[in-house]
Amino acid sequence: MKKMKKALLGTTLVGALVVSAGFGTYSWFTSETNASGQIANGTLQLNNGQNITEKIIDGVDFAPSQLKYGEWLTIDNTGSQGSHIKATLNQSLDKDINIKKYKVGYIALKYKEKPSGDVLKASKIKLEKLFDGTTNVVNTMKASNGEIEVAPGVTAVTGFVGEEGVAALKATSAKDWVLGDGTNKPFWRLKSDQYIDLLFAVKLDESANNDYQGVSYSADLKVQAKQTDEGSKYDGE
């Protein structure tokens, strides 16, 4: 009997201790704040990464004094970042004779909204006026920076490939010519969703002799883009 009383008393004391411990707890005021961040990289891309399908120049039965136009080549900044554009024209003949008998002129239009067909037609006429007689240069530039406005929101540069002092062209070799890029010429800096339409025309000089019969002229255009940040480089530099 005494043992049972002691056991009951021990159980009561343990319960009392448990109740006593719980009765003495407290709740505190608390606060919390958090921060997060993320950087999504932009894109630098021309023509959605696709090659230009239009022809720089195409034709047969070419002869001295004749002029042929290529097709309009569109360079579209489809990335999210602005970029500097460099277009390198490589020219070659399938015979080892003077390539300078081929006079190559160009006009480039830069715009945000595509110009009308009338503007493109007028620009083609403007390009044709560069070629005069025996292809002496006719300077149609008005602005001091080499740019001209051909329509509201449409600026242009025009000139001859290989002619020093015309529309920012410089030679990298005897047959490779680089149109001035946006690093030092604002025209060749493309903002996102801006376009450049580029048209070439080729004339075989009247002084070309029989050595040029049956000769084929070829041209390839390489267009590169790089960031506008200082110190950026084109691929391969």
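Preceding this paragraph is the structure being described.
Our subject in this report is the structure included herewith. (Residues numbered from 1 in each chain as written. Predicted model: local features only at pLDDT ≥ 70, side-chain atom pairs only at ≥ 80, totals over all residues. Heavy atoms only, no water.)

**Focus: the nonpolar core**
Stage number 1. Within the largest apolar cluster, 32 residues are counted, with the highest numbers of intra-cluster contacts made by Tyr102, Ala108, Trp188, Phe200 and Tyr217.
Stage number 2. Residue assignment for this core shows that the elements contributing at least two residues are strand S2 (73-76), strand S3 (83-93), strand S4 (102-111), strand S10 (176-179), strand S12 (195-204) and strand S13 (217-227).
Stage number 3. In terms of residue count, S12 provides more of this core than any other element does, 5 residues in total.
Stage number 4. Excluding residues that lie within four positions of it along the chain, Tyr102 makes contacts with Phe62, Leu93, Val202, Lys203, Leu204, Tyr212, Val215 and Tyr217. (Core = buried A, V, L, I, M, F, W, Y, C linked by side-chain atoms within 4.5 Å. Buried < 20%, exposed > 50% of the residue type's maximum accessible area, 1.4 Å probe, protein only. Helix = DSSP H or I, 4+ residues; strand = E, 2+ residues; numbered from the N terminus. Contact = heavy atoms within 4.5 Å.)

**Description of the side chain of Ser83**
Stage number 1. Checked against the element boundaries, Ser83 lands in strand S3.
Stage number 2. By relative accessible area, Ser83 is classed as buried at 1%.
Stage number 3. Leave out the neighbours within four places in its chain, and Ser83 touches Leu44, Asn77, Trp188, Arg189, Leu190, Ala225, Lys226 and Thr228.

**Some words on the environment of Ala208**
Stage number 1. The residue Ala208 is located in the loop between S12 and S13 in this model.
Stage number 2. By relative accessible area, Ala208 is classed as buried at 9%.
Stage number 3. The spatial distance from the C-alpha of Ala208 to the C-alpha of Lys101 is 6.3 Å, given a sequence separation of 107 residues.
Stage number 4. Contact partners of Ala208, with chain neighbours within four places excluded, come to Pro64 and Lys101.

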